[in-house]
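Below, each chain spelled out in residue letters.
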Amino acid sequence: MTEPLDLVGWSALLLGLFAISVSIGAFRQPGLWRKMIDEVDRSPALQLLSGFMELFVGAAIYLAAPWTSGDLLAQVMKVIGALMMAEALVVMAICDLYMQVWLKNLAAIHRFWTGVTFLCGLALAGAAMLRIA
């Protein structure tokens, strides 16, 4: 009999690798995130598509992670999924206001957010690799 697929571990690994990759890209091209957020802010189509994608990815992460008291990674992934869904709804509802907040933050502390994203990605990917291996 084969073992069931560890959805929590694999979703944490993929999300962690995604965070690592985008932070490396942002370190290499410092204005990348600001440009991306500026483009989303100017395009209602990108706002809708971004919100829609984040809503469904967040829902998939949320639904794949059971709330088990002894499983810290599953709890973290459940919270991340819930936050992603909440942010997606905010993006689709009040993108103009929300993006202005991000544009102001990114201009001042770009390297900080990039570093936080990289470290969170490392933590997720590392925890997932320990769990899957």
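Just above sits the structure.
Residues numbered from 1 in each chain as written. Predicted model: local features only at pLDDT ≥ 70, side-chain atom pairs only at ≥ 80, totals over all residues. Heavy atoms only, no water.

Peer 1: For this particular structure, what's the right way to read a nonpolar patch on the surface?
Peer 2: The grouping of Leu-48, Phe-52, Phe-56, Leu-89 and Met-92 at the surface amounts to a nonpolar patch, some 510 Å² of accessible area in total. Within the residue set of the nonpolar patch, elements represented by two or more residues are helix H3 (44-64) and helix H4 (72-132). Of the residues forming the nonpolar patch, the biggest block, three residues, is contributed by H3. Along the chain, Phe-56 falls in helix H3. (Patch = residues over 30% accessible without salt bridge, like charges linked within 9 Å, V, L, I, M, F, W, Y side chains within 5 Å. Areas by Shrake-Rupley, 256 points an atom, 1.4 Å probe, with all protein chains shown as cover. Salt bridge = Lys/Arg side-chain N within 4 Å of Asp/Glu carboxyl O. Helix = DSSP H or I, 4+ residues; strand = E, 2+ residues; numbered from the N terminus.)

Peer 1: Please clarify how the pattern of salt bridges should be interpreted in this entry.
Peer 2: With the rule as written, the count across this model stands at three salt bridges. Salt-bridge contacts for Asp-38 lead to Arg-42; the nearest nitrogen and oxygen are separated by 3.8 Å. Highlighted residues: Asp-38 and Arg-42, both in helix H2 (residues 32-42), separated by four residues, approximately one helical turn. Residue classification places Asp-38 among the partly exposed residues on the basis of a relative accessible area of 30%. (Buried < 20%, exposed > 50% of the residue type's maximum accessible area, 1.4 Å probe, protein only.)

Limitation: the analysis is restricted to geometry and does not speak to function.
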